[in-house]
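Each chain is listed here by its residues.
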There are 4 protein chains.
Amino acid sequence: LLVFNDSWSKSLGIGEKVVTDSNIIFGDKEIDAVIICSSTNTHVEYIEKALSSNKHIFCEKPVSQDIEKLEYISNKLQANNFLKFQIGFNRRFDNNIQRIKEKIVDNICLIKFISNDPKLPSSEYLSASGGLLFDMTIHDFDLMRYLVNDEILSVFCTGSVLIDPNLHEIQDIDTCITQIKFDSGALGSIINCRQSPVGYDQRIEVLTRKYNLRTENIRESYVITEDQCGSVFDNPKNFFIERYRDSYVNELKSFFDSIIYDTNVSVGCLDLIEAVRLVKAGNMSLEKNIPISPRSIIK
Amino acid sequence: LLVFNDSWSKSLGIGEKVVTDSNIIFGDKEIDAVIICSSTNTHVEYIEKALSSNKHIFCEKPVSQDIEKLEYISNKLQANNFLKFQIGFNRRFDNNIQRIKEKIVDNICLIKFISNDPKLPSSEYLSASGGLLFDMTIHDFDLMRYLVNDEILSVFCTGSVLIDPNLHEIQDIDTCITQIKFDSGALGSIINCRQSPVGYDQRIEVLTRKYNLRTENIRESYVITEDQCGSVFDNPKNFFIERYRDSYVNELKSFFDSIIYDTNVSVGCLDLIEAVRLVKAGNMSLEKNIPISPRSIIK
Amino acid sequence: LLVFNDSWSKSLGIGEKVVTDSNIIFGDKEIDAVIICSSTNTHVEYIEKALSSNKHIFCEKPVSQDIEKLEYISNKLQANNFLKFQIGFNRRFDNNIQRIKEKIVDNICLIKFISNDPKLPSSEYLSASGGLLFDMTIHDFDLMRYLVNDEILSVFCTGSVLIDPNLHEIQDIDTCITQIKFDSGALGSIINCRQSPVGYDQRIEVLTRKYNLRTENIRESYVITEDQCGSVFDNPKNFFIERYRDSYVNELKSFFDSIIYDTNVSVGCLDLIEAVRLVKAGNMSLEKNIPISPRSIIK
Amino acid sequence: LLVFNDSWSKSLGIGEKVVTDSNIIFGDKEIDAVIICSSTNTHVEYIEKALSSNKHIFCEKPVSQDIEKLEYISNKLQANNFLKFQIGFNRRFDNNIQRIKEKIVDNICLIKFISNDPKLPSSEYLSASGGLLFDMTIHDFDLMRYLVNDEILSVFCTGSVLIDPNLHEIQDIDTCITQIKFDSGALGSIINCRQSPVGYDQRIEVLTRKYNLRTENIRESYVITEDQCGSVFDNPKNFFIERYRDSYVNELKSFFDSIIYDTNVSVGCLDLIEAVRLVKAGNMSLEKNIPISPRSIIK
C-alpha cells in the first residue's frame, strides 16, 4: 500500500509508505491499482496518469462536470480491454439497497427516493459543491438508473430556497423535487433537502404491478421509549459515513474482485457520464422551468 | 326495549319505557331476552328471575365469586335446552382478537398477554373491585382459555405493590405476573399492572411451532411526528370503551344470533365458572406462594 | 328527512318519505338544507334550485368542470350571506388528517402524498370519470391546499399508461406524478396510481424546518404473523368507504354545525373552483409537457 | 498475541505464535492477560494457572456449576487487588442493551425478556449443554440483574417439552417461562424456547412508573415487501454471532480498558456466581414446582 498525502495516513500509522510525489506511485511497477480520492480538480489528471502507467482505477465521484473529457477517458478505457475503472457510487453496494435490487424481478411502475441531509453544510462547502444536484442528486440519479435498469427520458426539477436565504446569493437551492420519466414510461421522483429535522433521511420506495418494496431508515438503535407522549423510535444513523459504512467496504471488495477475476466492474465510466448528464439536464430544467432530456446534453 | 334504571336511560331519551320495578320486565310476556348490567350484587337474583320467567339472558361479568351458586345456575340452564345465557366477556369479540383466533390452526406452545390499565382507579373502586385478579385478570384468564382452546392445569401468581402503597391496607396488589401451564403442556404468561405509562396496554403474543402471532396496541391515530428526538407514534386508544368498542356491539349481535338461529352462545356459564375458579386459584397462589390447580377450587 | 331516489332509500327502510319529483323537496318550506349526491350532471341544476328556494346545500364533488358556471354559483352565494354551501371533500375531515392539520404550526417546506387506488375500475367507470386527475387527484389538490394553507403557483404532471393499455384508447393514464410549487416556494408531490398491489394506499408526509409528520396507512387489523418468511403486517383498509368512514360522518356534522351556529363552512365553493382549476392545469401540463399555473385557467 | 490451540489460529494466519502447551503461555512474563475460551472443563484449571502466574483473565462463561469452586476463585481474586477477572456475559455490551441501560433512571416495576433460539441444536449439543437454564437462561439471569440493578429474591420456572419429545429422555425441556421477584418487589419474566419460527428472537421490555422501554429485534434488512398478503418485514439477524457481534468487540475493549486504566471490570466473578446460583434455583424450582430463593443455593 503506497499512499500519497501524509496527514491522514500518518494518523493511521502508515507513515513509512507515504509519498508526496504522485509520480512515484504511477511509476511503481509493483502497484497494480490506484484508488483516487484526492480533491476533485485532480481526478482527471490522475486518471490519465494511471491509464498511461497501466493501473486499474477506483475513482471517487464526481471526477468532472466536463462530459467531453469524461468521454475522452471512456474512449481510452474502451480501447483497453484490460484495465478496470470503477466509480465510487457507493450506495449501489449498500446491503439494504442490494436487497431491494435482488427483489426487483418485475417491471417498475414508480420509484421514489427521499434523500435528505441532516443539516446544511458550511457556506464554503456549499460554494464549492457544484450545486445541490451535482452534490446530492447525482447519487440518486445513479441509483435510480441502477434499480430501474433503464435509461431516463426526461428530467424536471422544481427547487426552492426554504432553509437558508444565503443560498440565493450563490444561485443555489436547498430543497428540490426531481420528476423523472424513463424510456419504459416508468415514473420517478427524487426529494432532496439540505436539512432534515429527522436527520439523514434515506428512503426508497418501488412500486411494480405486483408488489411494493420499501426501505425504512436504519435507526441508531431499536430501543423504543414509551410514555404518555407516545412511542418514540430512535433516529436514523447520523450521516453517510454511519448509514452507508458497509457500502464502502463492499464497493472496494467488488473492485478488487473485478481485477482478480477479470470481470466487468459494477459501475463504470459510462454510468458516471450518464449521471453527470442527468445533473446537467436537471440544472437546465431548473433554469428554463421545462423538462429536459439528458440526451440533449452533449457537453 | 324496556329499561330498568332511569338516570342513564333518560339521558338517552328513552324515558317512556323505563320501569323502576324489575318485576314489570320479568312479568312482561312480550320480552324474550334481558340484558343484565346492573350492579354485581343483583346479578344472581335477576338471573334467577329471568330463568323463572323464561327469558334469554345476557349478563355482564363477574356475576358472583360463589362457585356453588354459579354451578346451581349452570345446572338450571343445562336442564333447560331452550334458554340462551351469555356472559359479557367482550374481548373474545374484538376484531383483532378474532383475527388471531382464526389464524391459530396449530398447537400453541406459548401465549403471552400484557394487559395493563392506564391508571389506578379511585380507592373506592379498588376497595369494591374484589382485587386485581378478580377485576383485571379474569378477562385474561377467559381469553387465554378461548385462544388456546385448552384447560389450565395450574396457576402461579407473583404480585407486588409498586404503584400505590395504600394497596397494602386493603391487602391488594397493583402489579402481577401470572404463570400458567395448560393440560397440553403449553405455557402462558399474563402481565397485569394497574398503571401503565403508555396508557391502556393490551397486547397478545402467541408462539406455535410454525409461526408467531402478535397484536400491537391500536393507536389513537397513525400520525408520526419526527424530529431530532426520534419518531413519535401516537399512544394506544384511551381505555376499554375506546379500545374494545367493536367487541361490545359484536357480543350482543352474537347473543341475538344465538337466539334467532337457536345456536350455542359463544361464551356461557361454564366459561364464567372456569374464569372464577382461575381467579380463586390465582389468589390462593398469591397467598401460599405455590402454583395452584384450578381443579382444586370447589367453592 | 325527505329523500329523492327510491331504490337505495327503500333498502334502508325510509320508503315513505321518498319522492320522485325533486321539486317537491325544493318546494317544501319545512326543509332547510339539501344534500346533493345525485349523478354529477344534475349537480348544477339542483344547486340552482336550492339557491332559489333558500336551502343550505351540501353537494358531493365534482359538481362541474365548467369554471364559469362554478363562478356563477359562487357569485350567487357571495350575494347571499345566509346560505351555507359545503363541498364533499371528505378527506379534510378524516381523523388522521385532522391530527396532521393540528400539528402543522410551522411553515411547510415539502408535502408529499401517495394516493393510489387498490385496483383499476371498470372501463365504463373510466370512460365517464373525466380522467385520472379529475377523478383521483382532485382530492389530493384540495387536501394539499388545505394542509399547506397556501395557493399553488404551478403544476407539472408526468403520466404513463403502465397498468392497462386500453387507457391509451380513451386518452387517459393510470399512473401520474404531479409536482407542485406553492406561492411560498414550498414544494409538493402527488403520486397517483389506479392500481396498487398493497391495496388502497393513502399516505401523507409533511416536512417543515422543525419536524416531519407522516400518516401511515390504517390497517385492517394490527395482528402480525411471523415465521421464517418475516413479519407480516395486515393490509390497509379496503377502499375509501372503509378508510375514510369517519370523515363522511364528520363532514356532515361540520355542515350541520355551520348551519346551526351560522359559521363559515370548512370547505366551500371557492375551494371547489380552485381544485377544478388545478385539475385543468394538470391536464394541460400533461398535454403540453410544461408546468402550468392554475391562475392561467379561466374556464 | 500467543495462542494455544492451533487449528483455528492457523486458519487466521497466526500460526507462528501458536503453542500446544499452555504452560508456555502461563510462563511467559511478556504476557499480561489471557483470554480463556477453551472447553468448559478446562476453565477452572486455566483460571488457577493464570492467577498463579499473575495474569489478568477474561474467561468465557459458564466456567463451572460448582459454586464452592467459583467462590474459591472469587476469594483468591479478592485477596489480589491487582488482577482483573472478567466473565464473557457479552449481552451486557450490546449497543441496544447499553442504550436501554442508559435510559433506566427510574425504579423498574416489571422487566420481561423473550429470548428464543432459532432452532433446536443437535442432540450431542443438548446432552452436553447442562440443560436449558444453564445453556440459555443464564444469559438472561445475568442481564436482568444488570438492568434492574437489584438482586433476585425468588425464581419460579415452568417448563415443557413442546418441540422435541426426545428431550424427555435427557430430562431436559425446550420451552420455559421463568418468573422472578426482586428484593425491591419488581417482577420479571423470562421466556425461553429452543426453537422459534421467527428465528433468533431477542426482545426486552422494561416498565417503570414513568415510561416503558422496549428493544425490537434487529432485522437482517429494513426492506419491506408489500402486496395483497400484507407488508412483510425482514426476519431478525440469524443467531447470536450476527445479532450480538458488536458486544464481543465491546466486552474485550472494556476488559482491556479496565487493565489499562486499573478500573473495575464490568462483570466479574460474583456476577458469575449469582448467575449460576439462579440457574440452580431455577432447576430446583422445575423439580419441586415451587419458587426457590437463590440465596438457598450454597453449592
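This report concerns the structure included in the present document. None of the values given here were measured: they were computed from a predicted structure.

Criteria and cut-off values
- Each chain has its residues counted from 1, following the order in which its sequence is written.
- The lettering of chains begins at A and the numbering of ligands begins at 1, in the order of writing.
- Given that this is a predicted model, residues contribute local features only at a pLDDT of at least 70 and side-chain atom pairs are listed and counted only at 80 or more, while totals for whole chains, interfaces and linings are drawn from all residues.
- Working from all heavy atoms in the structure, the side-chain values ignore hydrogens and water.
- Contacts were defined at the residue level, with two residues in contact if any of their heavy atoms lie within 4.5 Å.
- Buried area: the accessible surface (1.4 Å probe) lost by two parts on joining, summed over both.
- Any carboxyl oxygen of Asp or Glu that lies within 4 Å of a side-chain nitrogen of Lys or Arg is treated as forming a salt bridge with it.
- Contacts described as polar in this section are N or O atom pairs within 3.5 Å, which, within protein, must combine one atom able to donate a hydrogen with one able to accept it, while residues neighboring in sequence count only if both atoms come from side chains.
- Helix numbering and strand numbering both begin at the N terminus, where a helix is a DSSP run of H or I of at least 4 residues and a strand a DSSP run of E of at least 2.
- For this scheme, ten residues count as nonpolar: Ala, Val, Leu, Ile, Met, Phe, Trp, Tyr, Cys and Pro. Four count as charged, namely Asp, Glu, Lys and Arg, and the remainder, Gly too, count as polar.
- Strands pair, by our definition, only if DSSP identifies at least two bridges between them.
- Note on definitions: the grid is 1 Å and covers protein atoms alone; a cavity is a set of points where a 1.4 Å probe fits but cannot get out; a pocket is an open set with protein on both sides within 12 Å along at least five of seven lines; lining residues have an atom within 4 Å of a point.
- Grid points are joined across faces, edges and corners, and a volume is the space filled by probe spheres set on the points.
- Note on exposure labels: buried denotes an accessible area under 20% of the residue type's maximum, exposed denotes more than 50%, and partly exposed covers the range between, all computed with a 1.4 Å probe on protein chains only.
- Between the N-to-C directions of two axes lies an angle of 0 to 180 degrees, each axis being a line fitted to C-alpha atoms and, for a helix, fitted only over the stretch in contact.
- Excluding any residue in a salt bridge, patches collect residues exceeding 30% relative accessible area, merging like charges within 9 Å and nonpolar Val, Leu, Ile, Met, Phe, Trp and Tyr side chains within 5 Å.
- Method for areas: the Shrake-Rupley scheme with a 1.4 Å probe, in which residue coverage is limited to the protein chains shown.
- Two aromatic rings, drawn from Phe, Tyr or Trp (for Trp, its six-membered ring), form a pair once their centres lie within 6.5 Å of each other, and the interplanar angle then sorts them: stacked below 30 degrees, edge-to-face above 60, tilted otherwise.
- Geometrically, a lysine NZ or arginine CZ counts as sitting over a ring once it is within 6 Å of the ring centre and also within 35 degrees of the ring normal.
- To line up the copies, we fit them by least squares on C-alpha atoms, keeping just the residues with pLDDT of at least 70 in both.

On the chain D side, the residues contacting the 23 residues of chain A number 23 residues. Across the interface of chain A and chain D, roughly 2100 Å² is buried in total on both sides, 47% from carbon and sulfur atoms. Our enumeration of links across chain A and chain D arrives at four salt bridges. Between A:Arg214 and D:Glu226 there is a salt bridge, and its shortest N-O distance comes to 3.2 Å. Counting across the chain A and chain D interface gives 16 residue pairs in polar contact (both at pLDDT 80 or more). Among the elements of the structure, α5 (95-103), β11 (212-215) and β12 (223-227) of chain A are those that each provide at least two residues to the side of chain A that touches chain D. The biggest single contributor to the side of chain A that touches chain D is β12(A), with five residues. Residue composition of the side of chain A that touches chain D, grouped by class: eight nonpolar, six polar and nine charged. Alignment of β11(A) against strand β12 (residues 223-227) of chain D, held across four bridges, turns out to be antiparallel.

Where empty space is left can be seen by rolling a probe of water-molecule size over the atoms. Each pocket or cavity is described by its volume, and for the second largest pocket that value is around 1300 Å³. Forming the walls of the second largest pocket are 35 residues, and the residues nearest its centre are B:Ile218, B:Lys237, C:Ile218, C:Arg219 and C:Lys237. Split by residue class, the lining of the second largest pocket holds seven nonpolar, eight polar and 20 charged.

Now for the pattern of salt bridges. Pairing is possible between side chains of opposite charge, provided their charged atoms come close. This model, assessed by the stated rule, comprises 78 salt bridges over all chains. With a closest N to O distance of 2.8 Å, C:Asp201 and C:Arg203 form a salt bridge. One exposure class covers both C:Asp201 and C:Arg203, and it is buried. Across the pair D:Arg145 and D:Glu151 runs a salt bridge, and its minimum N-O distance is 2.9 Å.

On to unusual backbone geometry. With an omega of 5 degrees, the peptide bond running from B:Lys61 to B:Pro62 counts as cis. Counting through the fold element by element, B:Pro62 comes out in the loop between β4 (56-59) and α4 (67-78). The phi torsion at A:Asn54 lies on the positive side, around 60 degrees, for a residue other than glycine. Of note, A:Asn54 is situated in the loop between α3 (43-52) and β4 (56-59). On the basis of relative accessible area, A:Asn54 is assigned to the partly exposed category, the value being 42%. Residue B:Gln171 is not a glycine yet carries a positive backbone phi of 50 degrees. Residue position: B:Gln171 is located in the loop between β7 (152-160) and β8 (175-182).

Another point: the sheet that holds strand β3 (residues 33-36) of chain B. Backbone hydrogen bonds are what pair the strands of a sheet, in a parallel or an antiparallel way. All names here are of chain B. Read across the sheet, three strands follow the order β3-β4-β5 without closing on themselves; strand pairing throughout is parallel. The outermost strands of the open sheet, each flanked by one partner alone, are β3 and β5 (85-87). The sheet shows a mean angle of 10 degrees between the axes of neighbouring strands, taken without regard to direction. With four bridges joining them, β3 and β4 adopt parallel strand pairing. Residue pairing across strands places Ile36 opposite Cys59, the latter belonging to β4. Strand contacts of helix α9 (residues 245-260): β3, β4 and β5, with the helix running at about 165 degrees to β4, the strand carrying the most contacts.

Across the contact, 43 residues belong to chain C and 43 residues belong to chain A. Taken over both partners, the interface formed by chain C and chain A buries close to 3300 Å², and the fraction arising from carbon and sulfur atoms is 61%. Linking chain C with chain A are two salt bridges, by the criterion used here. In this structure, the salt-bridge partner of C:Glu205 is A:Arg203, at a minimum N-O distance of 2.3 Å. Linking chain C with chain A are twelve residue pairs in polar contact (both at pLDDT 80 or more), by the criterion used here. Only β6 (108-116), β7 (152-160), β8 (175-182), β9 (187-193), β10 (201-208) and β11 (212-215) of chain C provide two or more residues apiece to the side of chain C that touches chain A. Partitioning the side of chain C that touches chain A into residue classes produces 19 nonpolar, 16 polar and eight charged.

Here we come to a nonpolar patch on the surface. Residues A:Ile35, A:Phe256, A:Ile260 and A:Tyr261 make up a contiguous nonpolar surface patch of roughly 440 Å² in combined accessible area. Examined against the element boundaries, A:Phe256 turns out to sit in helix α9 (residues 245-260).

What follows covers the packing of aromatic side chains. Considering all chains together, one arrives at 30 aromatic pairs over all chains under this definition. Look at B:Phe26 and B:Tyr46: their rings are 5.9 Å apart centre to centre, the planes differ by 40 degrees, and that puts the pair in the tilted class. You can see B:Phe26 sitting in helix α2 (residues 22-27) and its partner B:Tyr46 sitting in helix α3 (residues 43-52), a full 20 residues away along the chain. Look at B:Phe26 and you get buried, because its relative accessible area is 11%. Note on B:Tyr46: relative accessible area 10%, which makes it buried. Residue placement shows C:Lys101 over the ring face of C:Tyr146; its charged tip is 4.5 Å from the ring centre.

Looking now at the relation of the copies chain A and chain D. Each copy superposes on the other: chain A lies on chain D with an RMSD of 0.1 Å after a rotation of 180 degrees and an axial shift of 0.0 Å. Both copies are brought into coincidence by an operation consistent with a two-fold rotation axis. When C-alpha positions in chain A are compared against the rotation axis, the closest is assigned to A:Ile218, at 5.0 Å. Mapped onto chain D, 100% of the interface residues of chain A are again interface residues, and the two copies thus contact each other with one and the same surface.

Moving on, we come to the relation of the copies chain C and chain A. Screw-axis analysis of chain C against chain A gives a translation of 0.0 Å along the axis, an RMSD of 0.0 Å, and a rotation angle of 180 degrees. In this assembly, 100% of the residues forming the interface of chain C have copies in chain A that are likewise at the interface, indicating an isologous arrangement.

Worth remembering: the numbers are spatial, not functional.
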